[in-house]
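Observations on chain architecture
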Amino acid sequence: MGYRTVDPADVKPVDDRPCELRRLGEAGGVETMAINRFVAAPGEQIPLTYHFHEEQQEAFYVLSGTLTVETPDGTKTVGAEQLFVADPESPHRAYNPTDATEPVTVLALGAPPVSGDAVPYES
């Protein structure tokens with residue numbers, strides 16, 4: 001049997017990101033999905049670019065604040081305790097608008113866990 005507990009405060013933030021990113025799944029040894037916690041201040045975006053994934057389904061669960069997600073179908077607003085899901089090949093850009101009054105904290109889950117799967121999207 002195997003069990004692990006991960007405290008996000010013990011996980012070093014990833015360098016060179018537009019907001020705070022802590023790879024919780026990696027720290028916990030999770031192999032079947034990516035689990036990341038993001039904290040984005042007003043004006044910060046979560047991904048490096050407007051993008052889509054070829055294989056990965058991605059879900060953003062908002063823990064606090066309000067997440068804004070740009071898609072080709074329009075802009076979505078996702079409040080605390082709400083879930084936004086992007087299927088493979090569905091372009092999206094998640095961010096906290098510059099006029100927001102508080103940071104947004106998001107738990108992001110992606111399956112399967114992939115590296116280099118994000119394809120930039122030109123709107």
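Here the structure is a predicted model, which means the values were calculated and not measured.

We now examine the nonpolar core. Grouped together as the largest cluster of nonpolar side chains are 16 residues, with contacts concentrated most on Phe-38, Ile-46, Phe-60, Leu-67 and Val-106. At the level of secondary structure, the elements contributing two or more residues to this core comprise strand S2 (34-40), strand S4 (57-64), strand S5 (67-71), strand S7 (83-86) and strand S9 (104-111). If one sorts the elements of this core by residue count, S9 sits on top with 3 residues. Apart from the residues within four sequence positions on either side, Phe-38 is in contact with Arg-17, Cys-19, Glu-20, Leu-21, Ile-46, Val-104, Thr-105, Val-106 and Ala-108.

Further remarks concern unusual backbone geometry. The omega torsion across Ala-111 and Pro-112 is -5°, close enough to zero to call that bond cis. Topologically, Pro-112 is positioned in the loop between S9 and strand S10 (118-120). The phi dihedral of Glu-89 is positive, around 65°, even though this residue is not glycine. Positionally, Glu-89 belongs in the loop between S7 and strand S8 (93-95).

Judged by pairing direction, the sheet is antiparallel, and its 3 strands sit side by side in the order S6-S5-S8 without closing on themselves. Whereas interior strands pair on both sides, the edge strands pair on one side only; in this sheet they are strand S6 (74-78) and S8. Taking the axes of each pair of neighbouring strands and ignoring which way they run, one obtains an average angle of 20° across the sheet.

Before going further, it helps to spend a moment on the layout of surface pockets. Estimated volume of the largest pocket: approximately 620 Å³. In terms of lining residues, the largest pocket is bounded by 30 residues, among which Arg-23, Asn-36, His-53, Gln-56 and Val-114 are the most central. Of all elements in the fold, only strand S1 (20-23), helix H1 (24-28), S2, strand S3 (51-53), S4 and S9 reach the threshold of two or more residues within the lining of the largest pocket. For the lining of the largest pocket, the element with the highest residue contribution is S2, accounting for 4 residues. The class makeup of the residues in the lining of the largest pocket is 16 nonpolar, 9 polar and 5 charged.

About the criteria used
- Residues numbered from 1 in each chain as written.
- Predicted model: local features only at pLDDT ≥ 70, side-chain atom pairs only at ≥ 80, totals over all residues.
- Heavy atoms only, no water.
- Core = buried A, V, L, I, M, F, W, Y, C linked by side-chain atoms within 4.5 Å.
- Buried < 20%, exposed > 50% of the residue type's maximum accessible area, 1.4 Å probe, protein only.
- Helix = DSSP H or I, 4+ residues; strand = E, 2+ residues; numbered from the N terminus.
- Contact = heavy atoms within 4.5 Å.
- Pairing = 2+ DSSP bridges.
- Axes fitted to C-alpha atoms, helices over the stretch in contact; angles between N-to-C directions.
- 1 Å grid on protein atoms, 1.4 Å probe; cavity = no way out; pocket = protein on both sides within 12 Å on 5 of 7 lines; lining within 4 Å.
- Points joined across faces, edges and corners; volume = space filled by probe spheres on them.
- Nonpolar A, V, L, I, M, F, W, Y, C, P; charged D, E, K, R; others polar.

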